[in-house]
Amino acid sequence: MTQNRESGQTLIVLLAFMTMAITLTSAAVVVTVASIRATSVYSAGQNALSLAESGADNAIMRLIRDASYSGETLTLPEGVAIISVTGSAPTKTIISEGVVGDYRRKIQVVVNQSNNAVSVTSWSEVP
């Protein structure tokens, strides 16, 4: 009779350890998935910022070549850069928005244009 009780107790202890192991493994999987998603969101945001900065660089180059440049939409493999140039000489404002999927980042650059030269007055990310 004593041997049956010990077998039953061993089975209960084994089930308790199995339950804890499954719970810990499930928690680890949930944390890993959340981390992967957060990394993906961060990466997409950084890619959108890079596109916005590339668009701003492109706009500065285009303004050097053509003082009447007003912007464009650049479609790249990573996403899209939407560029607009406003203002009148000598001060112009470039807004460049990088779009990667649902993520958007925007750069504002203020430049001074004189004697076929463009100098950057300010460069900042805007909401």
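Relevant structure appears above.
Caption draft 1: Seen up close, the overall build of the protein. The number of helices and strands found in the protein is one helix and five strands. Reading the helices (α) and strands (β) of the protein from amino to carboxyl end gives α-β-β-β-β-β. For a compact globule of 127 residues, the expected C-alpha radius of gyration is about 14 Å, and the protein comes in at 29 Å, more than 25% above that figure. Counting only C-alpha atoms, the protein reaches 105 × 25 × 15 Å along its principal axes. The burial tally for the protein puts 24% of its 127 residues in the buried class. Contacts in the protein between residues at least 24 apart in sequence constitute 37% of all its contacts with a sequence separation of at least 6. Taken as a whole, the protein presents about 8,600 Å² of accessible surface, with 59% of it coming from carbon and sulfur. Counting 8 positive and 9 negative side-chain charges, the protein places the averaged centre of each group 4 Å from the other.

Caption draft 2: Representation of the nonpolar core within the structure. The biggest cluster of nonpolar side chains holds 14 residues, and the ones touching the most others in it are L63, I94, V109 and V111. Elements with a contribution of two residues or more to this core: α1 (2–65), β2 (80–88) and β4 (103–114). Sequence-distant contacts of I94, that is, excluding residues within four places in its chain, are made with A56, A59, I60, L63, I83, S84, V85, I107, Q108, V109 and V111.

Rules and cut-offs
Residues numbered from 1 in each chain as written. Predicted model: local features only at pLDDT ≥ 70, side-chain atom pairs only at ≥ 80, totals over all residues. Heavy atoms only, no water. Helix = DSSP H or I, 4+ residues; strand = E, 2+ residues; numbered from the N terminus. Rg over C-alpha atoms; globule rule 2.2 N^0.38 Å. Buried < 20%, exposed > 50% of the residue type's maximum accessible area, 1.4 Å probe, protein only. Contact = heavy atoms within 4.5 Å. Areas by Shrake-Rupley, 256 points an atom, 1.4 Å probe, with all protein chains shown as cover. Lys, Arg positive; Asp, Glu negative; His and termini not counted. Charge placed at Lys NZ, Arg CZ, Asp CG, Glu CD. Core = buried A, V, L, I, M, F, W, Y, C linked by side-chain atoms within 4.5 Å.

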